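One-letter residues, chain by chain:
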Amino acid sequence: MVRINDVRKSNLAFKLSGHAEGLVAVFVGATSGIGMGTLKQFAKYAKAPKVYILGRSKKAAAPLLDEIKVSNPEGTFEFIESEVSLMRNVDLVCDQIKANEKKVDIVFMSPGYLSFDSRVESVEGMDIPHALRYYTRLRFIYNLIPLLLESPNPRVVSILAGGQESAIDINDLEVRNNFTFFKAAANGTTQTTLAFEELAKSYPSISFIHKYPGFVNTGVIARLLATAPGLFYYPAQLARWVVLPFINLISTSVDEAGERGLFLATSARFPPAKPKTEFAGVEVQGVPVAASSVVKDGKGNGVYRLNADDESAAESPVLPGYRLDDVGKTVWEETQAAWDRALERSA
Ligand SMILES: NC(=O)c1ccc[n+]([C@@H]2O[C@H](COP(=O)([O-])OP(=O)(O)OC[C@H]3O[C@@H](n4cnc5c(N)ncnc54)[C@H](OP(=O)(O)O)[C@@H]3O)[C@@H](O)[C@H]2O)c1
């Protein structure tokens, strides 16, 4: 477990280190919730950063943009308005970033929403929440890899459900058959870890972090319960109005989740398999390197499956078998095929 005091020490050490200057970061899903908390912390502690913020409405994000500009007058914060559940839009946004930047240091992703609705297809034929939790995020990473490779200490963070991987239907990764929210969420979670492990083999200078944030008071659960169908609607509303307020009292605040988000993006606890330079994040006494998802001959693969307290999750019951069967390779190939199908539909 990493205590919040150590997280704060690390974030302060990041600010005081020579490494907080001139970072380029891409935030996807930071107009609210955990991403927003992390963006605010990043703006507070980074020196003269260049930050790209992806969201659907610049108007809605105006107060947030004003706030971070005040907290970091030397920073450049560029809001790009885009519906990133479409792969075509992810490509356009990444082209824009690539045209302007020589490197990207941090890609922090938390877009999405939870819903009991049945499959909600985009014009590209993907279920929108499933795209946001997996296909969009991986597409950002894939497109930005050339820029990440130019960073001395590149890092990718996906806030989803690291450590909660479960058995998935590898013949239906896009969840086209017998769709349920739970099946889609499980697929996205397991695919994220397997795809990260696959990417880490090819790009060992990048750290890949897949975190389960625990229960963070962002309103996400209230919005999920509001979508409960049929007879489930009434117990869900009871839970929403009677039980949830008590759970909210013990949940993590957005600010604290943001402090942990900055820690993930900057701490030496999460080095890549092959760091490019001696600096692979901010070191703080008492905060050791986390266990990678795969360790061979004492060397980690630079992929981290994290619990809410930023401790590495216990090994999953399914991942060892999937690794033996090379399911990660299949997932990665199928991910690219799904992107191709989506892009064909929007061509
Ligand atoms: N909060 C928790 O307790 C919790 C627990 C476990 C897992 N998680 C996971 O962690 C991630 C972040 O959670 P959060 O609670 O911080 O999320 P959140 O605040 O509800 O939403 C994050 C972002 O998702 C974007 N978004 C929502 N609907 C979208 C759509 N249809 N198209 C494009 N973008 C959309 C929003 O950006 P725009 O509206 O600006 O586009 C928003 O900034 C999610 O994947 C969530 O499932 C959260």
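Report on the accompanying structure.

**Details of the nonpolar core**
Counting 47 residues, the largest nonpolar core has Ile-97, Leu-138, Phe-140, Ile-141, Val-156 and Phe-208 as the members making the most contacts within it. Considering each element in turn, this core owes the most residues, 11 residues, to helix 5 (residues 128–148). Excluding its chain neighbours within four sequence positions, the residues that come into contact with Ile-141 are Met-109, Leu-148, Val-156, Phe-196, Leu-199 and Phe-208. Counting 43 residues, the second largest nonpolar core, distinct from the first, contains Phe-42, Ala-46, Ile-159 and Val-282.

**Description of unusual backbone geometry**
Despite not being glycine, Ala-48 has its phi angle at roughly 45 degrees, a positive value. For Ala-48, the position within the fold is in the loop between helix 2 (33–45) and strand 2 (50–55). Of note, the phi angle at Asp-310 is positive, near 65 degrees, even though the residue is not glycine. Positionally, Asp-310 belongs in the loop between strand 9 (303–306) and helix 10 (319–324).

**Overview of the pairing of strand 4 (residues 106–109)**
Here strand 4 shows no split at all, with Ile-106 and Phe-108 on one side and Val-107 and Met-109 on the other all buried. Here strand 1 (residues 24–28) runs beside strand 4; their pairing, made up of four bridges, is parallel. Each residue of the ladder has a partner; that of Val-28, found in strand 4, is Met-109. Across four bridges, the pairing between strand 4 and strand 5 (residues 155–159) is parallel.

**Notes on the site of the ligand**
Near the ligand you find 25 residues, and of these Thr-31, Ser-32, Ile-34, Thr-218 and Arg-223 are the closest. At 2.8 Å from an oxygen atom of the ligand is found a main-chain nitrogen or oxygen belonging to Ile-34. The contact in question runs from an oxygen atom of the ligand to an N or O atom on the backbone of Val-216, over 2.8 Å. For the ligand, the protein covers 89% of the area, taking 880 Å² as the surface of the free molecule.

**Things to note about the pairing of strand 9**
The alternating pattern of strand 9 places Val-303 and Arg-305 and Tyr-304 and Leu-306 on opposite faces, both of which are buried. Strand direction decides the pairing type here: strand 6 (residues 207–211) and strand 9, joined by four bridges, are parallel. From the neighbouring strand, His-210 faces strand 9, where its bridge partner is Arg-305.

**A few points about the sheet that holds strand 9**
Judged by pairing direction, the sheet is parallel, and its seven strands sit side by side in the order 3-2-1-4-5-6-9 without closing on themselves. Of all strands in the sheet, those with a lone pairing partner are strand 3 (76–81) and strand 9, marking the two edges. Between one strand and the next, the sheet's axes are offset by a mean angle of 15 degrees, whatever the strand orientation. Packing of helix 2 onto the sheet brings it into contact with strand 1, strand 2, strand 3, strand 4 and strand 5, and relative to strand 1 it is tilted by some 160 degrees. Where helix 4 (residues 87–100) meets the sheet, its contacts fall on strand 1, strand 2 and strand 3, and the angle it forms with strand 3 comes to roughly 150 degrees.

**Description of the packing of aromatic side chains**
Within this structure, the stated rule accounts for 13 aromatic pairs. For the ring pair Tyr-233 and Tyr-234, a centre distance of 5.4 Å and an interplane angle of 90 degrees mean the geometry is edge-to-face. The exposure class assigned to Tyr-233 is partly exposed, which follows from its relative accessible area of 33%. Judged by its relative accessible area of 60%, Tyr-234 falls in the exposed class. Judged by centre distance (5.7 Å) and plane angle (80 degrees), the ring pair of Phe-263 and Phe-270 falls under edge-to-face. Residue classification places Phe-263 among the buried residues on the basis of a relative accessible area of 0%. Residue class for Phe-270 comes out buried when judged on its relative accessible area of 0%. The ring of Trp-339 carries Arg-139 above its face, with NZ or CZ at 4.8 Å from the centroid.

Analysis parameters
- Residues numbered from 1 in each chain as written.
- Predicted model: local features only at pLDDT ≥ 70, side-chain atom pairs only at ≥ 80, totals over all residues.
- Heavy atoms only, no water.
- Core = buried A, V, L, I, M, F, W, Y, C linked by side-chain atoms within 4.5 Å.
- Buried < 20%, exposed > 50% of the residue type's maximum accessible area, 1.4 Å probe, protein only.
- Helix = DSSP H or I, 4+ residues; strand = E, 2+ residues; numbered from the N terminus.
- Contact = heavy atoms within 4.5 Å.
- Pairing = 2+ DSSP bridges.
- Near = heavy atom within 4 Å.
- Polar contact = N/O pair within 3.5 Å; in protein donor to acceptor, adjacent residues only side chain to side chain.
- Areas by Shrake-Rupley, 256 points an atom, 1.4 Å probe, with all protein chains shown as cover.
- Axes fitted to C-alpha atoms, helices over the stretch in contact; angles between N-to-C directions.
- Phe/Tyr/Trp six-rings, centres within 6.5 Å; stacked < 30°, edge-to-face > 60°.
- Lys NZ or Arg CZ within 6 Å of the ring centre and 35° of its normal.

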